[in-house]
Amino acid sequence: MELFNLKHPEERVSFSDAVKLGLGKDRGLFFPSRIPVLADVESLLSLPFAERSKKVLGAWLADELGQAVVDKLVDNAFTFEAPLVQVDERRYSLELFHGPTLAFKDFGARFMAQCLEHLAGDARLTILTATSGDTGAAVADAFYGLDKVQVCVLYPKGKISELQEKMFTTLGGNIHTVAVESDFDACQALVKQAFDEPSVREGLHLNSANSINISRLLAQICYYFEAVAQYRRHHGDAPVIAVPSGNFGNLTAGLFAKAMGLPVKRFVAATNSNDTVPRYLASLNWQVKPTVATMSNAMDVADPSNWPRVEAIASYMDWPLASIDGVALDEASTRESLKALQAAGYLSEPHAAIAAKALTDNLGAAERGIFLATAHPAKFKDVVDRELGVNLPLPPELAAVADKPSLAAELPADFAALKAHLFSVLGND
């Protein structure tokens, strides 16, 4: 598999190098030179999830890694299900929160960890990533205890749910966490600065586990195939799929799946009040406004780093950007959707609720669709309890960390302070 840097197309790398590097020259995103098209998608949709995923990922990676290695990576990473649950006559929820950290990020993080463990050899690595919520827990869980990998996760102090935070700030060991006194975009900017500085990048052998890493995106393609496979057991048409969107890695994976031949009628990119992309799709004027804090905090991203890949896929496939519906929901609409889902007998959380309403508002008279449920409702217990008047019980994964103290350091949004901290805690590892 060959990939090139979207900012510097002359920089071309293998999948192995792209996974280990994370980003290319000038912080450019790696993009595949070729998107494989699957010959018999209908037959693939009849296979079990893991067996189908081996074939989907093999289409990208078997030429470089060998199919036997791809099979092993999938077996080790995808050890949980992604059930499709019917909410009403026209909407289905793809529940992506049945992994160890109760969020969709488990798929990509676990596959990336397996890839790096296979590719690293004797090298030592430092994973540096920013999270607006669920990435931190998924990455920490996937890499926790690995001898050759240190992990540092930056997150915006006070701007993610307490239970989200506890899932990755209480581990210790090779997991280091930093609460940054700003928003997610500032955290992401600090990560990019670290990769831009050779003394940090090379001195600490940096790699990123954010959705900018191609291994995570490829893994996420697989659950779109699973969604449509389960949908096809009930309906013969192609569904509309609504994706709750923050950094836009999730939508990127869905577009890759469609480009490979998956029957999807269209995608709906659903955001909260951080509406850069919906405004851009309506006007083709890219204007980033200050980040707004919302109850759907994992989507509080004003400058999504994966958007260039979305445009690259559209260009490669000759799809107009207008084929993606962009929808932004404010807090009142999010609240309304949470309550509507509850009335329909489906308990949700803010991110999925945004996707559910965006789907409803964009379905034609004869259409049906799927919205992605990206996190267990209990990860947002404070919001769900308050808005729906319930008292959600904690699943075992959350109950186990709820009372543990956070081990996170606290830093200002200042690169010099971060650099000093990184070398202090990681420099001798």
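Definitions and limits used
Residues numbered from 1 in each chain as written. Predicted model: local features only at pLDDT ≥ 70, side-chain atom pairs only at ≥ 80, totals over all residues. Heavy atoms only, no water. Buried < 20%, exposed > 50% of the residue type's maximum accessible area, 1.4 Å probe, protein only. Helix = DSSP H or I, 4+ residues; strand = E, 2+ residues; numbered from the N terminus. Contact = heavy atoms within 4.5 Å. Pairing = 2+ DSSP bridges. Right-handed = clockwise from strand over helix to strand, strands pointing away. Salt bridge = Lys/Arg side-chain N within 4 Å of Asp/Glu carboxyl O. UniProt positions renumbered as here; feature names shortened; annotations may be inferred. Axes fitted to C-alpha atoms, helices over the stretch in contact; angles between N-to-C directions.

What to know about helix 7 (residues 162-169)
In step 1: In terms of burial, helix 7 is a largely internal element, seven of the eight residues being buried.
In step 2: Those residues of helix 7 that are buried are in contact with helix 6 (134-143), strand 7 (149-156), strand 8 (175-180), helix 16 (381-388) and helix 17 (396-399).

A short note on the pairing of strand 7
In step 1: For strand 7, a buried count of eight out of eight residues is recorded, marking the element as mostly surrounded by other parts of the structure.
In step 2: Strand direction decides the pairing type here: strand 6 (residues 125-130) and strand 7, joined by six bridges, are parallel. Along strand 7, the bridge assignment pairs Ile127 with Val151.
In step 3: Handedness of the strand 6-helix 6-strand 7 crossover: right-handed.
In step 4: Of the crossover connections in this fold, the one passing from strand 7 over helix 7 to the parallel strand 8 is right-handed.

Observations regarding the pattern of salt bridges
In step 1: For the structure on display, the rule yields 21 salt bridges.
In step 2: Residues Arg279 and Asp275 are paired through a salt bridge, measuring 2.8 Å at the closest nitrogen-oxygen approach.
In step 3: Taking relative accessible area as the criterion, Arg279 reaches 17% and is therefore assigned buried.
In step 4: Three or more residues are tied together by salt bridges with common partners; here these are Lys265, Arg266, Asp325 and Glu367.

Comments concerning the UniProt feature "domain: Threonine synthase N-terminal" (unreviewed entry) in the protein chain
In step 1: UniProt's entry tags residues 10-78 with the feature "domain: Threonine synthase N-terminal" (unreviewed entry), counted in the numbering of this structure.
In step 2: What you have in residues 10-78 is 57% helix and 9% strand, and the ends, taken at the C-alpha atoms, are 34 Å apart.

Some details on the sheet that holds strand 2 (residues 12-14)
In step 1: Strand order across the open sheet formed by three strands is 2-1-3, with antiparallel pairing between neighbours. Each end of this open sheet is capped by a strand with a single partner; those strands are strand 2 and strand 3 (30-32). Adjacent strand axes in the sheet meet at a mean angle of 40°, parallel and antiparallel pairs treated alike.
In step 2: Summarising the sheet, strand 1 (residues 2-5) and strand 3 pair through three bridges and their orientation is antiparallel.

Comments concerning the sheet that holds strand 6
In step 1: Strand order in the open sheet formed by five strands is 9-6-7-8-14, and the pairing between neighbours is parallel. Both edges of this open sheet fall to strand 9 (206-207) and strand 14 (409-411), since each of them pairs with a single strand only.
In step 2: Contacts from helix 5 (residues 105-120) reach strand 6 and strand 9 within the one sheet, and its direction differs from that of strand 6 by about 155°.

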